[in-house]
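Fold and contact review
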Amino acid sequence: MNLWLILAVNSVTLGGLLFLLSAGFSLIFGLMRIPNLTHGSMFMLGAYFGVTLIGWGFGFWLAALLAGLGVALFGAIVERFVLRRLVGAELAQVLVTLGLSFMVADACLMLWGGDPISVDTPAALVGATRMFGMGFPTYRLAIIVIAVAIAAVLWAMLDRTRLGAMIRAAVDDPAMARVVGIRVSHLFTIVFSLGAGLAGFAGVIGGPILSVYPGLDQDMLPLALVVVILGGSGSLLGSLVGSFVVGLLYNFGQAVFPELAYVVLFLPMLVVLVLRPQGLFGRAAP
Amino acid sequence: MKLRSPRGISAAVALLLLITLPFWIGNSYYVNVATQMLIYAILALGLNVLVGYAGLVTLGHAALFGVAAYAGATLINAGHGHIVVAFGALLTTVAVAAVFAVLALRGTGLGFVMITVALGQIAWGIAYRWISLTNGDNGVSINARPRPFGLMLEAAPALYWATLVVFLVAVGSMAIFVASPFGASLRGARDQPRRMTALGYNVWLIRFLAFLFSGFWSGVAGLLYLYYNQFVSPQTVALSASAEALLMVIAGGTGTLLGPIAGAVLVIVMKDIASAYIERWNFVLGAIFVLIVVFMPEGLVPGSTRLWRWGIAAWWPRATAVTGETGE
């Protein structure tokens, strides 16, 4: 397989992981109006939880699910007991998430040490799958399938269920949503917890590709930030498209301009911020 | 400020203590810690122009600090004299600050924060990855401290006094800035941007100039940091460095002249103590951040007064009931 094709597959895989990370980030941003700077920490925390659970003898997928649930619980606690105290003070909330991200990062360093931990690919998905006369790494294909499946479930949840309708209403106009009897503060907890859980889950299934190391949070958070700014906050389609764009920019940037990889990554985001602040798929603020 | 007023006397005493510090503190290690405090106090003063007086919270200021340090190191290693180094580094910083300002001032509030995060990350990415320019993770070091105007800065007290002079100029310029019509218009632009526009002020321009002023002093601090440390690495421009600077401003109390200085002293002391006893400075940094934002958002000095009163009220309800009556 030639270099460009490998890069393309890696880009789409990273895009899938980024979607799992940034879908929650985007919903939180759309609903609570804050960039949740702990989101990278949730990803890393999930990855470390997964490593420990696998070490205790759980299967890979069960470990990923449990780690996701654990991180979701942690997210719910953070929202309910810390961010809730600061309702309306969005800047204070952002600063608190920043402080928490330092605490989580240091706690992980303390508990799991500074060495990178590699995660084994689940045995059933090792190797390559032949498609169109070429071999593709099976595990990467599986990640793409999972990301697309979760995207479909999230879309159905947002577009077809009562909860989704309430979330959309609160994203559009929180004050009016409260007036018609939607408990927006409950939605905050639910969405924050859901976003954290998805990020934690993504951390585990990203493990075999990215491995788990201190600083993983600082690597992932800016990517999620770029995705959401590119795609627009509160928009599922926006995070999906943004994730794949960032996946491509990141991998091709690393390969073509290794010294300027971060510039290649952040420049499109700046252009979007300057020309279209609401993002490619976001709606302008009313 | 009259010389015989209590404020004038305490300022004179403080100045005297600062000038004589290397004599009574003894150990050159502590002199170096004091130098660090002054350097970060200058950074915090500069940052406070934006965070406190302009109401624009930025998480990319370490980039400006770092640009000055990197530019200074590159110029020194190219063999330039100290005047070229200082002017070159500060001009570069102000130019970068201008670019930052044009981009970041597209947004206010959270938009501004996010753009500054992105800009800071670009600066970090360049410092970390553009190896031919910045030597990547290994950083850039300079062989010896430059000797501006023939001053020998090798000894700890000499560098301390040089930094103190710059620090006093910074404080003076801040005092003038706060009292000036420009300072007033900046506070106006923070509190009532629409009214200021209606009154004929160019709010964007006011904020832009404030950004340059803030960037200039961050650059001065960055250059002093280079002289002090003789080394600069990507860690200097990392997000945690920006957060640390922001913590100094917020901890001390935003929009006050002395707050950022107190904040810088506090953070450096905490960092010094924390790193002597535990390795977990980042955990402590995060925890202080969370506690201050949740419990004393107005800053440590006014906040601890409030908590103190609240504590007294909780312990001796009768006493406060009495003081409450006399107070009203």
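Residues numbered from 1 in each chain as written. Chains lettered and ligands numbered in written order. Predicted model: local features only at pLDDT ≥ 70, side-chain atom pairs only at ≥ 80, totals over all residues.

Let us now look at the overall build of chain B. Within chain B, the secondary structure is distributed over 15 helices and two strands. The C-alpha radius of gyration of chain B comes to 21 Å, within 12% of the 20 Å expected for a compact globule of 328 residues. Scored against the burial criterion, the 328 residues of chain B give a buried share of 45%. Long-range contacts, defined as pairs at least 24 residues apart, comprise 73% of the intrachain contacts of chain B with a sequence gap of at least 6. (Helix = DSSP H or I, 4+ residues; strand = E, 2+ residues; numbered from the N terminus. Rg over C-alpha atoms; globule rule 2.2 N^0.38 Å. Buried ≥ 20, exposed ≤ 12 C-beta atoms within 10 Å, placed from the backbone. Contact = placed C-beta atoms within 7 Å.)

This part is about the overall build of chain A. Along chain A, the regular secondary structure elements total 11 helices and two strands. Along chain A, from the amino end to the carboxyl end, the secondary structure elements read α-α-α-α-β-β-α-α-α-α-α-α-α. Against the compact-globule benchmark of 19 Å for 286 residues, chain A has a radius of gyration of 18 Å, which places it among compact chains. Along the three orthogonal principal directions, the C-alpha set of chain A runs to about 55 × 45 × 40 Å. Buried residues in chain A amount to 50% of all 286 residues. Summarising the internal contacts of chain A: among those between residues at least 6 apart in sequence, 75% fall at separations of at least 24.

What follows deals with the interface of chain B and chain A. Taken together, the 33 residues of chain B in the interface contact 37 residues of chain A. The greatest single-element share of the side of chain B that touches chain A, amounting to 12 residues, is contributed by helix α5 (residues 110-129) of chain B. Its residues assigned to classes, the side of chain B that touches chain A shows 22 nonpolar, eight polar and three charged. (Nonpolar A, V, L, I, M, F, W, Y, C, P; charged D, E, K, R; others polar.)

When the domains of chain B are assigned, the result is domain 1 (25-295) and domain 2 (296-328). Its C-alpha centre places domain 1 of chain B at a distance of 35 Å from the equivalent point of domain 2 of chain B. (Domains from an automatic or database assignment.)

Another aspect to go through is the environment of Val51(A). Residue and element names in this part refer to chain A. Positionally, Val51 belongs in helix α2 (residues 39-55). A tally of 21 C-beta atoms within 10 Å means that Val51 is categorised as buried. Sequence-distant contacts of Val51, defined by excluding residues within four places in its chain, comprise Ile117, Val119 and Val212.

With 15 residues, helix α11 (residues 261-275) of chain A should cover 21 Å at 1.5 Å per step; its first-to-last C-alpha distance of 22 Å lies within 8% of that length. Every buried residue of α11(A) is accounted for by Ala261(A), Tyr262(A), Leu265(A), Phe266(A), Met269(A), Val272(A) and Leu273(A). Of the surrounding secondary structure, the elements contacted by the buried residues of α11(A) are α9 (216-231) and α10 (236-256) of chain A together with α5 of chain B. (Expected span 1.5 Å × (residues − 1).)

The phi angle of most residues is negative, glycine excepted, and most peptide bonds adopt the trans form. Residues and elements named next belong to chain A. The phi angle at Arg33 is positive, at roughly 65°, despite the residue not being glycine. Phi at Ser211 is positive, roughly 60°, even though this residue is not glycine. Topologically, Ser211 is positioned in the loop between α8 (184-210) and α9. The exposure class assigned to Ser211 is partly exposed, which follows from the 14 C-beta atoms found within 10 Å.

This next bit is on the packing of helix α5 (residues 138-160) of chain A against helix α6 (residues 162-172) of chain A. Residues and elements named next belong to chain A. It is the contact of α5 with α6, at a shortest axis distance of 5 Å, that shows an interaxial angle of 75°. In this view, α5 runs roughly perpendicular relative to α6, as classed from their interaxial angle. Contacts from Met157, Leu158, Asp159 and Arg160 in α5 reach Leu163, Gly164, Ile167 and Arg168 in α6. Split by residue class, the contact of α5 with α6 holds four nonpolar, one polar and three charged. (Axes fitted to C-alpha atoms, helices over the stretch in contact; angles between N-to-C directions. Parallel < 35°, antiparallel > 145°, perpendicular 65-115°, else oblique.)

Right, let's talk about the packing of helix α2 (residues 28-53) of chain B against helix α12 (residues 259-277) of chain B for a bit. Residues and elements named next belong to chain B. Axis separation between α2 and α12 bottoms out at 8 Å; the angle between their running directions is 135°. In terms of axis orientation, α2 runs oblique to α12. Crossing angle aside, the handedness with which α2 passes α12 is right-handed. Contacts between α2 and α12 involve Val33, Gln36, Met37, Tyr40, Ala41, Ala44, Leu45 and Asn48 from the first element and Pro260, Ile261, Gly263, Ala264, Val265, Ile268 and Asp272 from the second. In terms of residue class, the contact of α2 with α12 is built from 11 nonpolar, three polar and one charged. (Left-handed = near helix turned anticlockwise from the far one by under 90°.)

Residue and element names in this part refer to chain A. A rise of 1.5 Å per residue sets the reference length of α9, with its 16 residues, at 22 Å; its end C-alpha atoms lie 23 Å apart and thus fit the reference within 8%. Most of α9 is tucked away, with 14 of its 16 residues classed as buried. Once α9 ends, the next one or two residues include Gly232, with phi positive near 100°.

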